[in-house]
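A structural walkthrough
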Amino acid sequence: MLQLGDEVTLYSLVFVLALLGTRSPLWSTAFTISLYLFLAMFRFPQLATSRARRVLYPVTGKVSAIAHRGGGHDAPENTIAAIREARRNGATGVELDLEFSADGVPILMHDKTVDRTTNGLGPLNKMSFSELRRLDAAANHRLKSKFVGEKVPTLEEAVKECIKLQLTIYFDVKGHPDEAAAALQDLYKRYPVLYNTSIVCSFEPKVIYRMRQSDSEVLTALTHRPWRLSTFGNGTPRFSSPWKHHWMTMMDILLDWAHHHLLWKLCGISAFLIQKENYVKYWAKRGVEVVAWTINMNLEKVYFQEVLHINYITDSLVEDCDPHY
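Let me begin by describing the structure that accompanies this report. (Residues numbered from 1 in each chain as written. Predicted model: local features only at pLDDT ≥ 70, side-chain atom pairs only at ≥ 80, totals over all residues. Heavy atoms only, no water.)

The next subject is the pattern of salt bridges. Per the stated rule, a full pass over the model turns up 20 salt bridges. R84 is the partner of E161 in a salt bridge, and the nearest nitrogen-oxygen pair spans 2.9 Å. Here the residue E161 occupies a position in helix α6 (residues 155–165), and R84 occupies one in helix α4 (residues 80–88), the gap between them amounting to 77 residues. Two residues, K189 and D215, come together in a salt bridge whose shortest N-O distance is 3.6 Å. Note that K189 is positioned in helix α7 (residues 177–190) and D215 in the loop between α8 (205–214) and β6 (220–223), a separation of 26 residues in sequence. Its relative accessible area of 7% is what places D215 among the buried residues. (Salt bridge = Lys/Arg side-chain N within 4 Å of Asp/Glu carboxyl O. Helix = DSSP H or I, 4+ residues; strand = E, 2+ residues; numbered from the N terminus. Buried < 20%, exposed > 50% of the residue type's maximum accessible area, 1.4 Å probe, protein only.)

Okay, structure coming up:
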């Protein structure tokens, strides 16, 4: 659903910037028309809002609580045990991180290394699946004695468990757009139920666009966190160089604008994952559902459930906890 005001604002801004840069009304007009034609030709249409709501709100009239990384506070994150624990604790769905082993096996893992979550050390892209399978994915968890020997699962193992437990899946893809799109496309073809029980999410517009290219019927969402390029999740700067930090801050501002005015249209997303901000009315006018993350305090959960009436992603279904970055 496109808003006339959005279109006018976008193309007016493009025209003014082009005019300032070229000092030529002719070239500015040509550039603006070219952008319009590019978006008209290459953007993907949104899927039906009714279908998006069926996926995101499987229980009619009830807000969905989504276990972040399977519920990383309650069980070892991104494991089969976490998925089962999330269902026991009343989750409607789970958010799972897609990564790949060195030999190309799609697995569940959030980090680029295995250090934080397992008893192993080293970069993920240097370890084969057989090596990853020997690790204890519960080794560094606060409840490790309860989940001793938990394995790093394949993406397919996790999907089969979610289907069995009737959990909605939020596939979080950090990168590898071509590999991720191919792996997910294969799963959607072999498990068609996923078309109505899952959504593919990413911070990277390229990932979402590639997914829509591979299969335009897959429900997708862009994930957004302000200042993501210049700071880590806890707010500390990513770069020690002031020059580089300021440059990436400018890129953050540009990315924020592009998310809200350009990229969501190009990708034809059905949902927007935001970090504890109230964009509900803004996105509702555009036919885009809102999901908030990461909501870990009970009072916050009540607010999102009872006041905003929107889905939220949480690290724990049972108690208040600090966010897991």
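What follows picks up the thread again.
Glycine aside, a negative phi is what most residues show, and trans is what most peptide bonds show. That bond from W293 to T294 is cis: its omega, -20°, falls within 30 degrees of zero. Relative to the assigned elements, T294 resides in the loop between β8 (289–293) and α11 (298–308). Its identity as a non-glycine residue notwithstanding, R69 has a phi of 55°, on the positive side. Along the chain, R69 turns up in the loop between β1 (65–68) and α4. Note on R69: relative accessible area 3%, which makes it buried. We note that Q166 has phi near 60°; this positive angle belongs to a residue other than glycine. Mapping Q166 onto the fold places it in the loop between α6 and β4 (168–173). Relative accessible area serves as the criterion here: at 68%, Q166 is assigned to the exposed category.

This part takes up α11. Residues three or four positions apart in an α-helix share a direction because the helix packs 3.6 residues into each turn. All buried positions along α11 are accounted for by K301, F304 and L308. Buried residues along α11 cover an arc of 105° about the axis, so they all sit on one side. With respect to the buried face of α11, the exposed residues turned more than 90 degrees away are L299, E306 and V307. Considering only its buried residues, α11 is in contact with β8 and β9 (311–314). Backbone geometry just downstream of α11 places H309 in the positive-phi region, at approximately 60°. (Arc of directions from axis to C-beta. Contact = heavy atoms within 4.5 Å.)

Another point: the packing of aromatic side chains. Counted under the stated rule, the structure contains 11 aromatic pairs. Arranged with centres 5.7 Å apart and planes meeting at 70°, the rings of Y11 and Y36 form a pair that is edge-to-face. Of the two residues, Y11 is situated in helix α1 (residues 4–22) and Y36 in helix α2 (residues 25–42); the sequence distance between them amounts to 25 residues. Its relative accessible area of 45% is what places Y36 among the partly exposed residues. Pairwise contacts between aromatic rings join W264, F272, Y282 and W283 into one cluster. In this structure, R53 is placed above the aromatic ring of Y57, and the distance from its NZ or CZ to the ring centre is 4.5 Å. (Phe/Tyr/Trp six-rings, centres within 6.5 Å; stacked < 30°, edge-to-face > 60°. Lys NZ or Arg CZ within 6 Å of the ring centre and 35° of its normal.)

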